[in-house]
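What the coordinates show
These are the residues of each chain, in order.
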Amino acid sequence: MAPDPPEPEQLPICCKDIVTEFSKEILSFADSLFGLLSEALGLSSNHLKELGCAEGVDVAYNYYPPCPQPELTLGATQHTDTAFIAMLVQDHIGGLQVLHQNHWVDVPPMSQGLVVNIGNLLQFTSVEHRVLLKGAGPRVTAIAFFGIGYTSNSRLYGPIEELLSESDPPKYKKTTIQDFVAGAYKQGLDGTSFVQLLKLTDD
């Protein structure tokens, strides 16, 4: 939906208006959120925005039909989000779980609330999560992924220079968004992840 949104006629008639409105509102909210995150890091409110964190956004709408044997399947397997942030709206059915201290914890749905997940591009290692299917249903979700690299550029991203010091040196090499996203979907021959290949220290 950004920076090059589809033409209105490319969207299904049944949801064109709400998709357009949701995208507009979520972009506005992300602008405020990245400002707050920047300030929380002790940076200027425009810092993350100037890095391009909110330039690209892909919105996915998921429909999970009722499942007669939910214990036999998953709605989405264990994963992290390759994005700067991901914003999720889930309906009253729920099903989202996060991995916390080696235990799966339910994330209860919140009426008119968003789940905001820090993604790999902002933190390089982010929270593992999955979706369980439930017998009740159907389940409907909307997810906005910010800054996944749909715009091609050669800019190198890495640890924020203003937050580095002699006592807190960088832990990862710099990389382009395109290489990071492509690498995230590949494993080395020995099972080494792309993030591990970028590590500068063993911490």
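Structural data are supplied above this passage.
A brief report on the enclosed structure follows. (Residues numbered from 1 in each chain as written. Predicted model: local features only at pLDDT ≥ 70, side-chain atom pairs only at ≥ 80, totals over all residues. Heavy atoms only, no water.)

1. So, the sheet that holds strand E6 (residues 115–118)
What counts here: In short, DSSP must find at least two bridges between two strands for them to pair. Under the scheme used here, helices are H or I runs from DSSP no shorter than 4 residues and strands are E runs no shorter than 2 residues, and both carry numbers assigned from the N terminus. Each axis is a line fitted through C-alpha atoms, taken for helices only over the stretch in contact, and angles between the N-to-C directions span 0 to 180 degrees.
Within the open sheet, the four strands sit side by side as E1-E8-E3-E6. Their pairing is antiparallel. Each edge of the sheet is formed by a strand with only one pairing partner; in this case those strands are strand E1 (57–64) and E6. Put simply, the sheet's adjacent strands are angled 20° from each other on average, direction ignored. Pairing of strand E3 (residues 85–90) with E6 involves four bridges; the strand directions are antiparallel. Counterpart to Ile 85 in the pairing with E6 is Ile 118.

2. Some words on the packing of aromatic side chains
Between two aromatic rings, the relevant description is the distance of the centres plus the angle of the planes. Rules: Pairing of aromatic rings covers Phe, Tyr and the six-membered ring of Trp, with a centre-to-centre limit of 6.5 Å; geometry is then stacked below 30 degrees between planes, edge-to-face above 60, and tilted otherwise. Note on exposure labels: buried denotes an accessible area under 20% of the residue type's maximum, exposed denotes more than 50%, and partly exposed covers the range between, all computed with a 1.4 Å probe on protein chains only.
On inspection of all chains with the given rule, the structure shows three aromatic pairs. Relative to Phe 146, the ring of Phe 34 has its centre 6.4 Å away and its plane inclined at 75°; by these criteria the two rings are edge-to-face. Highlighted residues: Phe 34 in helix H1 (residues 16–40) and Phe 146 in strand E8 (residues 139–146), separated in sequence by 112 residues. Here Phe 84 and Tyr 157 contribute two aromatic rings whose centre-to-centre distance is 6.0 Å and whose plane-to-plane angle is 55°, an arrangement assigned as tilted. Taken together, the residues span a long stretch of sequence, with Phe 84 in the loop between strand E2 (74–79) and E3 and Tyr 157 in strand E9 (residues 156–157) at a distance of 73 residues. In this structure Phe 84 comes out as buried when scored by relative accessible area, which is 3%.

3. Here we look at H1
Stated formally: Multiplying 1.5 Å by the helix residue count minus one yields the expected span of that helix. Contacts are residue-level and defined by heavy atoms, with any inter-residue pair within 4.5 Å sufficient.
Under the 1.5 Å per step criterion, the end-to-end length of H1 is 36 Å for 25 residues, consistent within 8% with the ideal 36 Å. Along H1, the positions that sit buried rather than exposed are Val 19, Phe 22, Ser 23, Ile 26, Ala 30, Leu 33, Phe 34, Gly 35 and Ser 38. Tucked into the core, H1 has its buried residues touching helix H2 (47–50), E1, E3, E6 and E8. Phi for Gly 42, located one or two positions after H1, is positive at around 80°.

4. Observations concerning the layout of surface pockets
The criterion, for reference: With a 1 Å grid laid over protein atoms only, a set of points is called a cavity when a 1.4 Å probe fits there but cannot get out and a pocket when it is open yet has protein on both sides within 12 Å along at least five of seven lines; lining residues have an atom within 4 Å of a point. Grid points are joined across faces, edges and corners, and a volume is the space filled by probe spheres set on the points. Residues are sorted three ways: Asp, Glu, Lys and Arg are charged, Ala, Val, Leu, Ile, Met, Phe, Trp, Tyr, Cys and Pro are nonpolar, and all the rest, Gly among them, are polar.
Computed from the structure, the largest pocket encloses a volume of approximately 740 Å³. If you trace the largest pocket, you find 28 residues lining it, with Leu 122, Gly 158, Pro 159, Ile 160 and Leu 163 closest to the centre. Of all the secondary-structure elements, those providing two or more residues to the lining of the largest pocket are H2, helix H3 (120–123) and E9. Examining the composition of the lining of the largest pocket, we find that three residues originate from one element, H3, more than from any other. When grouped by side-chain class, the residues that make up the lining of the largest pocket number 19 nonpolar, three polar and six charged.

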